[in-house]
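In case you want the letters, here they are:
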Amino acid sequence: NDRNIGSSIDVALSPQIGTVDMSVDRLFGLKAGDEVVLNEALEAPVTLLLNGQAVARAELVAIDDHFGVRILEIA
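The following paragraphs examine the structure supplied in this document. (Residues numbered from 1 in each chain as written. Predicted model: local features only at pLDDT ≥ 70, side-chain atom pairs only at ≥ 80, totals over all residues. Heavy atoms only, no water.)

## Here's the deal with the pairing of strand β3 (residues 53-63)
Moving residue by residue along a regular strand, the side chains alternate between the two faces of the sheet. The criterion, for reference: In this scheme, strands are said to pair when DSSP sees at least two bridges between them. A run of H or I in DSSP becomes a helix once it reaches four residues, and a run of E becomes a strand once it reaches two; helices and strands are each numbered from the N terminus.
Pairing analysis gives 5 bridges linking strand β2 (residues 46-50) to β3, with the strands arranged antiparallel. Across the sheet, the residue bridging to Val-46 is Ala-58, located in β3. Counting the residues that bridge the hairpin from β2 to β3 gives 2 residues, and of these Asn-51 lies at a positive phi of roughly 55°. Relative to strand β4 (residues 66-74), β3 is paired through 8 bridges, and the arrangement is antiparallel. Of the residues in β4, the one forming a bridge with Ile-63 is His-66. Between β3 and β4, which pair antiparallel one after the other, the connecting turn spans 2 residues, and Asp-64 there sits at a positive phi close to 55°.

## Considering the sheet that holds β2
What counts here: Axis angles are defined between N-to-C directions and span 0 to 180 degrees, where every axis is a line fitted to C-alpha atoms and, for a helix, only to the segment in contact.
The antiparallel open sheet is built from 4 strands, whose spatial order is β1-β2-β3-β4. Taken across any chain shown, the strands that pair with only one partner, and hence form the sheet edges, are β1 (13-16) and β4. The mean angle between the axes of side-by-side strands here comes to 45°, regardless of whether they run parallel or antiparallel.

## Observations regarding unusual backbone geometry
To keep it simple, the criterion reads: Here's how the labels work: a residue is buried when its accessible area is under 20% of the maximum for its type, exposed when over 50%, partly exposed in between, all with a 1.4 Å probe on protein chains only.
You will see that Asn-51, though not glycine, has its phi angle at about 55°, which is positive. Note that Asn-51 resides in the loop between β2 and β3. On the basis of relative accessibility, which here comes to 70%, the residue Asn-51 falls in the exposed class. A positive phi angle, near 55°, is found at Asp-64, a position not held by glycine. Tracing the backbone shows Asp-64 in the loop between β3 and β4. With a relative accessible area of 77%, Asp-64 lands in the exposed category.

## Details of the pairing of β2
Burial of β2 is extensive: 4 of the 5 residues sit out of reach of the surface. Where β1 and β2 come together, 4 bridges link them in antiparallel fashion. Among the inter-strand pairings, Ser-14 is bridged to a residue of β2, identified as Leu-49.

Here you go:
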């Protein structure tokens, strides 16, 4: 059954919640307690990355006391 090939291989899936452009001076000037505003809105979907490549869009959800994602679309 070809569907089971590789089914035991673990991969790292990472949500990208936003981006920000800043100068190197600003970056090195950051300290504990500083806030950095991201380009995306609070309710915007997150991009799920597999090895740095976008594979899906999702929304952040709370699952018990953990963050989770609900898949909206597969790339």
